[in-house]
Amino acid sequence: MALLPILCYPDPRLHTVAKPVQNVDARVRALAQDMLETMYDANGIGLAATQVDAHERLIVIDVSEERNQPLVLINPEVIWASPQKKLNEEGCLSVPGIYDGVERAESVKVRALDAEGASREIAAEGVLAVCIQHEMDHLLGKVFVEYLSPLKRNRIKTKMIKARRDAERV
Ligand code: K1U
Ligand code: ZN
C-alpha cells in the first residue's frame, strides 16, 4: 500500500475528464486501496482518482464516524436525483483550508461496480449524497470552487498559488 500525492487547485490536471474503467482487476483494486489509505491519512471522507492524477472513473468514500466503512465506486452513474436541493458546506483535499456552501440534490441513487466488479445500487442522503456528488464532479474535471462566484474563485486561486510558493520557499 502507498500514500499518493494529492493534486492541489489550480493544477490543470484536476480538469481532466476521467475514462471508464475497462476491467476491475488487481491493478484497479490496488489503486483503490492506495486511494483509501491516502484519504484516511488526509482525514478526508472521499477521494476521486482524478485527485491522485489517475484519470479513471473510480472514487472512494468513508463517511462513517469509526472510519471503518470504506466504499469503492467504479464507473459510478447517478440514476436518480431528488428535485429537492440543499445547500451544504463543502471542503476538498485539493483545495486545503477552503470551505463554502454548494447546492446539490438532497438525495441520489447511484449505480456503480464495487471492488469485486459486481454492480451495486446505493441510495444516498445526507453527507453521503453530498460526498458522492462532489467526487463524481471530480471525475468530470470539476472542482467545487467552480460553483462559487468568479470573485471568490479568483481569491481562492491566488491564495492557493501563494501558499504553494511559500511552501516551496521553506
Ligand atoms: O474530494 C475531496 O477532496 C474529499 C472531500 C470530500 C467532501 C467533504 C465535504 C463535503 C463534500 C465532499 C473531503 O473529505 S474534505 C475534508 C473533510 O473531511 C470534510 C470537510 C468538510 C465537511 C466534512 C468533511
Ligand atoms: Zn474534492
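See above for the structure.
Residues numbered from 1 in each chain as written. Chains lettered and ligands numbered in written order. Predicted model: local features only at pLDDT ≥ 70, side-chain atom pairs only at ≥ 80, totals over all residues. Heavy atoms only, no water.

Reading across from one edge, β1-β2-β3-β6-β7 is the order of the five strands in this open sheet, with antiparallel pairing throughout. Looking at strand neighbours, the two that pair on one side only are β1 (46-48) and β7 (119-125), the edges of this open sheet. Shown here is a sheet whose adjacent strand axes are inclined to one another by a mean of 40 degrees, direction ignored. Here strand β6 (residues 107-113) runs beside β7; their pairing, made up of seven bridges, is antiparallel. Bridge pairing links Arg111 to Glu121 in β7. The sheet contacts of helix α1 (residues 26-41) involve β1, β2 (58-61) and β3 (71-81), and relative to β2 the element is tilted by about 40 degrees. (Pairing = 2+ DSSP bridges. Helix = DSSP H or I, 4+ residues; strand = E, 2+ residues; numbered from the N terminus. Axes fitted to C-alpha atoms, helices over the stretch in contact; angles between N-to-C directions. Contact = heavy atoms within 4.5 Å.)

Attention now goes to the coordination of the zinc ion (ligand 2). Listed as protein donors to the zinc ion (ligand 2) are Cys92 (SG), His134 (NE2) and His138 (NE2); their distances from the metal cover 2.1 to 2.3 Å. If you list the donors of the zinc ion (ligand 2) from N- to C-terminus, the spacing comes out as C-x41-H-x3-H. You can see Cys92 sitting in the loop between β4 (85-90) and β5 (100-105) and its partner His134 sitting in helix α2 (residues 126-139), a full 42 residues away along the chain. (Donors = N, O, S within 2.8 Å, 3.2 Å for Na, K, Ca; no water.)

Counted under the stated rule, the structure contains zero aromatic pairs. Over the aromatic face of Trp80 sits the side chain of Lys109, whose NZ or CZ is 5.3 Å from the ring centroid. Lys142 extends its terminal NZ or CZ atom over the ring of Tyr147, reaching a point 4.2 Å from the ring centre. (Phe/Tyr/Trp six-rings, centres within 6.5 Å; stacked < 30°, edge-to-face > 60°. Lys NZ or Arg CZ within 6 Å of the ring centre and 35° of its normal.)

Around ligand 1, a shell composed of 14 residues is seen, among which Ile45, Gly46, Gln51, Leu93 and Glu135 lie nearest. At 2.8 Å, a side-chain N or O of Gln51 approaches an oxygen atom of ligand 1. Between ligand 1 and Leu93, the relevant distance is 2.6 Å, taken from an oxygen atom to a main-chain nitrogen or oxygen of the residue. When ligand 1 is considered free in solution it has 500 Å² of accessible area, and contact with the protein chains removes 83% of it. Ranked by residues supplied to the shell around ligand 1, first place goes to α2 with four residues. Residue composition of the shell around ligand 1, by class: five nonpolar, seven polar and two charged. (Near = heavy atom within 4 Å. Polar contact = N/O pair within 3.5 Å; in protein donor to acceptor, adjacent residues only side chain to side chain. Areas by Shrake-Rupley, 256 points an atom, 1.4 Å probe, with all protein chains shown as cover. Nonpolar A, V, L, I, M, F, W, Y, C, P; charged D, E, K, R; others polar.)

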